[in-house]
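Single-letter residue listing:
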Amino acid sequence: MARYRPTNFTLPADYSFPGDPVLEIKPYIFSEAAVIAVDVALATSRPLLVAGPPGCGKSRLAEAMAATLGWNYLGKTITSRTRLEELTVEVDHLRRLHDAHRAARADAKQLKPDEAYHNPGIFWWAFDRESAARRGLSPADAIPHTVALPFPGTERRTDKPPQHTVLLIDEIDKAEPDVPNDLLEPLDRRSFCLPGGSTLHAKPKDQQQLLTIITTNRERELPQAFLRRCVSLVFDPPNKQALLAIAHAHHPEADPTRVEAIVGKIMSIREMPPEVGRRHPGTSEFLDAIQACEELKIAVADDNPLWRQIESAVLVKPAV
(Lines give C-alpha, C1' and ligand atoms only; values in the text may rest on other atoms or scores of the structure.)
Protein backbone atom coordinates (compact mmCIF):
# COMPACT_ATOMS: atom_id res chain seq x y z
CA MET A 1 0.00 0.00 0.00
CA ALA A 2 1.38 3.40 -1.02
CA ARG A 3 2.28 5.85 1.72
CA TYR A 4 -0.02 8.77 2.38
CA ARG A 5 0.83 11.92 0.43
CA PRO A 6 -0.16 15.13 2.27
CA THR A 7 -2.28 17.75 0.52
CA ASN A 8 -1.38 20.87 2.52
CA PHE A 9 2.41 20.54 2.51
CA THR A 10 5.15 18.76 0.61
CA LEU A 11 7.57 16.11 1.86
CA PRO A 12 9.99 13.78 0.07
CA ALA A 13 8.78 10.24 -0.50
CA ASP A 14 10.75 9.01 2.53
CA TYR A 15 9.06 11.60 4.82
CA SER A 16 12.43 13.17 5.67
CA PHE A 17 13.20 16.79 6.49
CA PRO A 18 16.93 17.43 5.91
CA GLY A 19 17.33 20.12 8.56
CA ASP A 20 18.51 23.71 8.32
CA PRO A 21 22.13 24.31 9.42
CA VAL A 22 21.72 28.10 9.22
CA LEU A 23 18.90 28.10 11.79
CA GLU A 24 20.42 25.11 13.64
CA ILE A 25 17.40 22.91 12.96
CA LYS A 26 18.29 19.23 12.99
CA PRO A 27 16.93 16.66 10.50
CA TYR A 28 13.57 15.09 11.23
CA ILE A 29 11.93 11.87 10.03
CA PHE A 30 8.13 12.07 9.98
CA SER A 31 6.03 9.03 10.74
CA GLU A 32 3.03 8.40 8.50
CA ALA A 33 0.73 9.02 11.49
CA ALA A 34 2.35 12.43 12.03
CA VAL A 35 2.00 13.35 8.34
CA ILE A 36 -1.71 12.46 8.35
CA ALA A 37 -2.39 14.26 11.66
CA VAL A 38 -0.64 17.46 10.55
CA ASP A 39 -2.52 17.40 7.24
CA VAL A 40 -5.82 17.01 9.11
CA ALA A 41 -4.93 19.86 11.50
CA LEU A 42 -4.15 22.15 8.56
CA ALA A 43 -7.34 21.14 6.74
CA THR A 44 -9.57 21.71 9.78
CA SER A 45 -7.69 24.68 11.30
CA ARG A 46 -7.65 22.76 14.58
CA PRO A 47 -4.71 22.60 17.01
CA LEU A 48 -2.71 19.39 16.94
CA LEU A 49 -2.26 17.73 20.35
CA VAL A 50 0.83 15.50 20.32
CA ALA A 51 1.26 13.00 23.15
CA GLY A 52 4.21 10.80 23.96
CA PRO A 53 7.11 10.24 26.35
CA PRO A 54 9.88 12.83 26.75
CA GLY A 55 12.52 12.79 24.04
CA CYS A 56 10.38 11.22 21.30
CA GLY A 57 10.39 14.26 18.98
CA LYS A 58 7.09 15.96 19.87
CA SER A 59 8.49 19.47 20.19
CA ARG A 60 10.76 19.14 17.19
CA LEU A 61 7.75 18.29 15.03
CA ALA A 62 6.66 21.93 15.29
CA GLU A 63 10.09 23.26 14.33
CA ALA A 64 10.34 20.86 11.39
CA MET A 65 6.84 21.76 10.18
CA ALA A 66 7.60 25.50 10.31
CA ALA A 67 10.67 24.94 8.15
CA THR A 68 8.81 22.58 5.79
CA LEU A 69 5.95 25.04 5.29
CA GLY A 70 8.25 28.07 5.17
CA TRP A 71 6.26 29.69 7.98
CA ASN A 72 7.37 31.71 10.98
CA TYR A 73 7.87 29.83 14.24
CA LEU A 74 6.89 30.70 17.81
CA GLY A 75 7.27 28.55 20.90
CA LYS A 76 6.39 28.65 24.58
CA THR A 77 7.26 26.00 27.18
CA ILE A 78 4.56 25.75 29.83
CA THR A 79 5.41 25.51 33.54
CA SER A 80 3.35 25.27 36.72
CA ARG A 81 3.53 29.08 36.97
CA THR A 82 2.29 29.84 33.46
CA ARG A 83 -0.84 32.01 33.29
CA LEU A 84 -3.12 32.79 30.36
CA GLU A 85 -1.89 36.40 30.32
CA GLU A 86 1.64 35.24 29.45
CA LEU A 87 0.25 33.65 26.30
CA THR A 88 -2.11 36.48 25.29
CA VAL A 89 -1.24 39.88 26.80
CA GLU A 90 0.29 41.13 30.05
CA VAL A 91 0.23 44.69 31.38
CA ASP A 92 3.58 46.09 32.50
CA HIS A 93 2.30 47.79 35.67
CA LEU A 94 5.80 48.54 36.98
CA ARG A 95 6.83 50.45 33.86
CA ARG A 96 3.56 52.38 33.88
CA LEU A 97 4.11 53.32 37.54
CA HIS A 98 7.65 54.54 36.80
CA ASP A 99 6.39 56.60 33.86
CA ALA A 100 3.64 58.11 36.02
CA HIS A 101 6.16 59.15 38.68
CA ARG A 102 8.47 60.59 36.05
CA ALA A 103 5.64 62.51 34.41
CA ALA A 104 4.52 63.92 37.79
CA ARG A 105 8.00 65.23 38.54
CA ALA A 106 8.24 66.82 35.10
CA ASP A 107 4.73 68.31 35.28
CA ALA A 108 3.86 66.43 32.12
CA LYS A 109 0.27 66.85 31.02
CA GLN A 110 -0.04 63.68 29.02
CA LEU A 111 0.85 60.08 29.84
CA LYS A 112 1.33 57.31 27.35
CA PRO A 113 -1.79 55.45 26.24
CA ASP A 114 -2.60 52.30 28.21
CA GLU A 115 -1.75 50.16 25.19
CA ALA A 116 1.89 51.31 25.39
CA TYR A 117 2.22 49.09 28.47
CA HIS A 118 0.86 45.93 26.84
CA ASN A 119 3.32 43.07 26.44
CA PRO A 120 1.95 40.79 23.69
CA GLY A 121 2.13 37.03 24.19
CA ILE A 122 2.60 34.34 21.57
CA PHE A 123 -1.11 34.12 20.69
CA TRP A 124 -1.20 37.84 19.90
CA TRP A 125 1.87 37.46 17.65
CA ALA A 126 0.33 34.42 15.97
CA PHE A 127 -3.05 36.11 15.43
CA ASP A 128 -1.93 39.57 14.31
CA ARG A 129 1.81 40.20 14.30
CA GLU A 130 1.54 43.79 13.04
CA SER A 131 -0.74 44.75 15.95
CA ALA A 132 1.49 42.87 18.41
CA ALA A 133 4.58 44.76 17.20
CA ARG A 134 2.75 48.03 18.03
CA ARG A 135 1.42 46.68 21.38
CA GLY A 136 -2.10 47.31 20.02
CA LEU A 137 -1.54 51.02 19.38
CA SER A 138 -2.67 52.55 16.11
CA PRO A 139 0.13 53.16 13.59
CA ALA A 140 -0.03 56.92 14.33
CA ASP A 141 0.12 56.48 18.13
CA ALA A 142 2.82 53.83 17.97
CA ILE A 143 5.42 56.17 16.47
CA PRO A 144 5.79 58.64 19.37
CA HIS A 145 5.07 56.21 22.19
CA THR A 146 6.82 52.95 21.49
CA VAL A 147 9.45 51.30 19.34
CA ALA A 148 8.25 48.43 17.17
CA LEU A 149 8.74 45.17 19.06
CA PRO A 150 10.87 42.46 17.40
CA PHE A 151 9.26 39.16 16.47
CA PRO A 152 9.97 36.76 19.40
CA GLY A 153 10.53 33.67 17.27
CA THR A 154 12.02 32.54 13.95
CA GLU A 155 11.04 34.73 11.00
CA ARG A 156 10.96 33.36 7.49
CA ARG A 157 8.93 36.07 5.72
CA THR A 158 9.60 39.66 6.61
CA ASP A 159 8.25 41.54 3.58
CA LYS A 160 4.43 41.48 3.50
CA PRO A 161 1.42 39.21 4.14
CA PRO A 162 0.79 36.36 4.26
CA GLN A 163 2.62 35.96 7.57
CA HIS A 164 1.73 32.38 8.47
CA THR A 165 2.95 30.89 11.76
CA VAL A 166 3.56 27.55 13.45
CA LEU A 167 2.92 27.96 17.18
CA LEU A 168 4.28 25.45 19.69
CA ILE A 169 2.75 25.20 23.17
CA ASP A 170 5.10 22.75 24.82
CA GLU A 171 4.24 20.48 27.78
CA ILE A 172 0.68 21.65 28.43
CA ASP A 173 0.35 18.95 31.11
CA LYS A 174 2.77 20.94 33.31
CA ALA A 175 0.24 23.78 33.63
CA GLU A 176 -2.20 24.28 36.44
CA PRO A 177 -5.55 22.55 35.73
CA ASP A 178 -7.39 25.76 34.79
CA VAL A 179 -4.90 26.81 32.06
CA PRO A 180 -6.12 24.36 29.36
CA ASN A 181 -9.69 25.59 29.92
CA ASP A 182 -8.46 29.20 29.71
CA LEU A 183 -7.07 28.41 26.26
CA LEU A 184 -10.43 27.35 24.83
CA GLU A 185 -11.28 30.81 23.47
CA PRO A 186 -7.91 31.46 21.78
CA LEU A 187 -7.84 27.94 20.33
CA ASP A 188 -11.49 27.68 19.28
CA ARG A 189 -12.52 31.24 18.42
CA ARG A 190 -9.06 32.54 17.51
CA SER A 191 -9.58 35.55 19.76
CA PHE A 192 -8.98 36.80 23.30
CA CYS A 193 -9.87 39.79 25.47
CA LEU A 194 -7.53 42.76 25.82
CA PRO A 195 -7.13 44.60 29.15
CA GLY A 196 -9.31 47.52 28.04
CA GLY A 197 -12.29 45.26 27.40
CA SER A 198 -11.98 44.98 23.63
CA THR A 199 -11.37 41.69 21.82
CA LEU A 200 -8.47 40.91 19.57
CA HIS A 201 -9.39 38.66 16.64
CA ALA A 202 -7.01 36.74 14.44
CA LYS A 203 -6.45 38.09 10.96
CA PRO A 204 -8.26 36.36 8.09
CA LYS A 205 -6.67 33.05 7.17
CA ASP A 206 -5.55 34.30 3.77
CA GLN A 207 -3.37 36.85 5.58
CA GLN A 208 -2.15 34.92 8.63
CA GLN A 209 -2.69 31.15 8.88
CA LEU A 210 -1.83 29.31 12.06
CA LEU A 211 -0.79 25.76 12.86
CA THR A 212 -0.83 25.24 16.62
CA ILE A 213 1.02 22.20 17.95
CA ILE A 214 0.50 21.37 21.65
CA THR A 215 2.58 18.69 23.33
CA THR A 216 1.90 16.61 26.43
CA ASN A 217 3.92 13.97 28.26
CA ARG A 218 0.60 12.68 29.65
CA GLU A 219 1.62 13.40 33.23
CA ARG A 220 -1.80 14.96 33.88
CA GLU A 221 -5.21 14.32 32.34
CA LEU A 222 -6.45 17.15 30.14
CA PRO A 223 -10.07 18.44 30.18
CA GLN A 224 -12.49 16.84 27.74
CA ALA A 225 -13.53 20.27 26.41
CA PHE A 226 -9.88 20.91 25.55
CA LEU A 227 -9.40 17.51 23.89
CA ARG A 228 -12.55 17.98 21.82
CA ARG A 229 -11.03 21.00 20.09
CA CYS A 230 -7.83 19.23 19.07
CA VAL A 231 -6.66 16.80 16.43
CA SER A 232 -4.85 14.04 18.34
CA LEU A 233 -1.54 12.34 17.61
CA VAL A 234 0.19 9.79 19.85
CA PHE A 235 3.87 9.06 19.21
CA ASP A 236 4.59 5.34 19.32
CA PRO A 237 8.19 4.16 19.82
CA PRO A 238 9.93 3.97 16.42
CA ASN A 239 10.60 0.46 15.12
CA LYS A 240 13.99 -0.84 14.01
CA GLN A 241 13.78 0.53 10.47
CA ALA A 242 12.63 3.93 11.72
CA LEU A 243 15.52 4.07 14.20
CA LEU A 244 18.00 3.27 11.45
CA ALA A 245 16.53 6.02 9.25
CA ILE A 246 16.67 8.52 12.12
CA ALA A 247 20.28 7.57 12.85
CA HIS A 248 21.28 7.99 9.20
CA ALA A 249 19.57 11.39 8.97
CA HIS A 250 21.38 12.73 12.06
CA HIS A 251 24.68 10.84 11.77
CA PRO A 252 25.17 9.88 8.11
CA GLU A 253 28.89 9.20 8.65
CA ALA A 254 28.42 6.96 11.68
CA ASP A 255 29.75 3.42 11.61
CA PRO A 256 26.84 1.21 10.39
CA THR A 257 27.88 -1.73 12.57
CA ARG A 258 27.96 0.47 15.66
CA VAL A 259 24.59 2.03 14.82
CA GLU A 260 22.93 -1.36 14.26
CA ALA A 261 24.35 -2.60 17.57
CA ILE A 262 22.87 0.40 19.41
CA VAL A 263 19.52 -0.14 17.67
CA GLY A 264 19.65 -3.74 18.85
CA LYS A 265 20.27 -2.53 22.41
CA ILE A 266 17.28 -0.19 22.20
CA MET A 267 15.03 -3.04 21.04
CA SER A 268 16.26 -5.34 23.83
CA ILE A 269 15.79 -2.64 26.49
CA ARG A 270 12.16 -2.29 25.38
CA GLU A 271 11.66 -5.98 26.12
CA MET A 272 12.96 -5.63 29.67
CA PRO A 273 10.29 -5.79 32.41
CA PRO A 274 9.32 -2.31 33.64
CA GLU A 275 10.86 -1.07 36.86
CA VAL A 276 9.65 1.63 39.21
CA GLY A 277 11.04 5.03 38.23
CA ARG A 278 12.56 3.82 34.96
CA ARG A 279 11.35 4.44 31.43
CA HIS A 280 12.43 3.30 27.99
CA PRO A 281 15.01 5.51 26.23
CA GLY A 282 13.62 8.06 23.83
CA THR A 283 14.82 9.01 20.36
CA SER A 284 16.98 11.82 21.72
CA GLU A 285 18.77 9.38 24.05
CA PHE A 286 19.26 6.96 21.17
CA LEU A 287 20.97 9.73 19.18
CA ASP A 288 23.04 10.70 22.23
CA ALA A 289 24.31 7.12 22.48
CA ILE A 290 25.34 7.15 18.81
CA GLN A 291 27.11 10.48 19.14
CA ALA A 292 28.93 9.42 22.31
CA CYS A 293 30.12 6.14 20.81
CA GLU A 294 31.19 7.81 17.57
CA GLU A 295 33.06 10.62 19.31
CA LEU A 296 34.74 8.32 21.84
CA LYS A 297 35.21 5.40 19.40
CA ILE A 298 33.56 2.94 21.78
CA ALA A 299 32.67 -0.58 20.64
CA VAL A 300 29.08 -1.55 21.46
CA ALA A 301 29.53 -4.90 23.22
CA ASP A 302 28.38 -6.31 26.54
CA ASP A 303 31.93 -7.32 27.44
CA ASN A 304 33.18 -3.73 26.92
CA PRO A 305 33.10 -1.91 30.30
CA LEU A 306 33.16 1.48 28.58
CA TRP A 307 29.99 0.60 26.64
CA ARG A 308 28.33 -0.62 29.83
CA GLN A 309 28.98 2.80 31.35
CA ILE A 310 27.58 4.57 28.27
CA GLU A 311 24.53 2.30 28.31
CA SER A 312 23.87 3.09 31.98
CA ALA A 313 24.48 6.82 31.58
CA VAL A 314 22.48 7.38 28.39
CA LEU A 315 20.03 4.53 27.78
CA VAL A 316 19.23 2.47 30.91
CA LYS A 317 19.22 5.38 33.31
CA PRO A 318 18.82 4.33 36.93
CA ALA A 319 16.05 5.97 38.90
CA VAL A 320 17.21 9.14 40.67
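Up top is the structure these notes are about.
The sections below set out a description of the structure shown in this document. (Residues numbered from 1 in each chain as written. Predicted model: local features only at pLDDT ≥ 70, side-chain atom pairs only at ≥ 80, totals over all residues. Heavy atoms only, no water.)

## Topic: the layout of surface pockets
Computed from the structure, the largest pocket encloses a volume of approximately 960 Å³. Around the largest pocket, the lining comprises 43 residues; the ones closest to its centre are Tyr28, Ile29, Cys56, Ile246 and Thr283. Counting residues per element, the ones that place at least two in the lining of the largest pocket are β1 (16-17), β2 (28-29), α1 (32-44), α2 (58-69), α11 (240-250) and α13 (283-296). The greatest single-element share of the lining of the largest pocket, amounting to 7 residues, is contributed by α11. Taken together, 16 residues make up the lining of the second largest pocket; nearest its centre are Pro53, Pro237, His280, Pro281 and Gly282. (1 Å grid on protein atoms, 1.4 Å probe; cavity = no way out; pocket = protein on both sides within 12 Å on 5 of 7 lines; lining within 4 Å. Points joined across faces, edges and corners; volume = space filled by probe spheres on them. Helix = DSSP H or I, 4+ residues; strand = E, 2+ residues; numbered from the N terminus.)

## Some details on the packing of α11 against helix α12 (residues 256-270)
The geometry of α11 relative to α12 is characterised by a closest axis approach of 10 Å and an angle of 140° between their N-to-C directions. By the criterion of interaxial angle, the relationship of α11 to α12 is oblique. Considering the relative orientation of α11 and α12, their crossing is right-handed. Mapping the contact onto sequence places Lys240, Leu243, Leu244 and Ala247 in α11 and Val259, Glu260, Val263, Ile266, Met267 and Arg270 in α12. Tallied by class, the residues present in the contact of α11 with α12 amount to 7 nonpolar, no polar and 3 charged. (Axes fitted to C-alpha atoms, helices over the stretch in contact; angles between N-to-C directions. Parallel < 35°, antiparallel > 145°, perpendicular 65-115°, else oblique. Left-handed = near helix turned anticlockwise from the far one by under 90°. Contact = heavy atoms within 4.5 Å. Nonpolar A, V, L, I, M, F, W, Y, C, P; charged D, E, K, R; others polar.)

## Let's talk about the pairing of strand β11 (residues 231-234)
In β11, alternate side chains face the same way, and those of Val231 and Leu233 are buried while those of Ser232 and Val234 on the opposite face are not. Bridge count for strand β3 (residues 48-51) against β11 is 4 bridges, and the pairing is parallel. If you follow Leu48 over to β11, its bridge partner there is Val231. (Buried < 20%, exposed > 50% of the residue type's maximum accessible area, 1.4 Å probe, protein only. Pairing = 2+ DSSP bridges.)

## Observations regarding the sheet that holds β3
The strand order across the open sheet formed by 5 strands is β4-β7-β10-β3-β11, and the pairing between neighbours is parallel. Every other strand in the sheet has two partners, leaving β4 (72-77) and β11 as the edge strands with one partner each. Pairwise comparison of adjacent strand axes, ignoring direction, gives a mean angle of 20° for this sheet. Bridge analysis of β4 against strand β7 (residues 165-170) gives 6 bridges, and the strand direction is parallel. Residue Asn72 lies in a different strand from β7, and its bridge partner there is Thr165. This element, α1, spans β3, β10 (210-216) and β11 of the sheet and lies at about 165° to β11.

## Side note on the packing of α11 against α13
Where α11 contacts α13, the axes come no closer than 11 Å and their chain directions differ by 55°. Considering their axes alone, α11 and α13 lie oblique with respect to each other. Crossing geometry of α11 relative to α13 is assigned as right-handed. Facing α11, whose interface residues are Leu243, Ile246, Ala247 and His250, α13 presents Thr283, Phe286, Leu287 and Ile290. Tallied by class, the residues present in the contact of α11 with α13 amount to 6 nonpolar, 2 polar and no charged.

## A few points about the packing of aromatic side chains
Enumeration according to the criterion identifies 5 aromatic pairs in this entry. Between Trp125 and Phe151, the ring centres sit 5.8 Å apart and the planes meet at 90°, which makes this aromatic pair edge-to-face. Taken together, the positions of Trp125 in helix α5 (residues 122-127) and Phe151 in the loop between α7 (139-145) and β7 put the pair 26 residues apart, joining distant regions of the chain. Through successive ring pairs, a cluster of aromatic residues spans Phe123, Trp124, Phe127 and Phe192. (Phe/Tyr/Trp six-rings, centres within 6.5 Å; stacked < 30°, edge-to-face > 60°.)

## Regarding the pattern of salt bridges
All told, the structure shown has 15 salt bridges when counted by the stated rule. The shortest N-O distance in the salt bridge between Glu85 and Arg83 comes to 3.2 Å. With its nearest N and O atoms 2.2 Å apart, the salt bridge here joins Lys265 to Asp302. Placement of Lys265 in helix α12 and of Asp302 in the loop between α13 and α14 (305-315) is noted, with a sequence separation of 37 residues between them. Several salt bridges share partner residues, and in doing so they unite Lys265, Asp302, Arg308 and Glu311 into one network. (Salt bridge = Lys/Arg side-chain N within 4 Å of Asp/Glu carboxyl O.)

## Points about α11
Every buried residue belonging to α11 is among Leu243, Ile246, Ala247 and His250, and all of these are buried. Each buried residue of α11 lies within a common arc of 100° when the element is viewed along its axis, so the set occupies one face. Turned more than 90 degrees off the buried face of α11, the exposed positions are Gln241 and His248. (Arc of directions from axis to C-beta.)

Keep in mind these numbers describe shape, not what the thing actually does.
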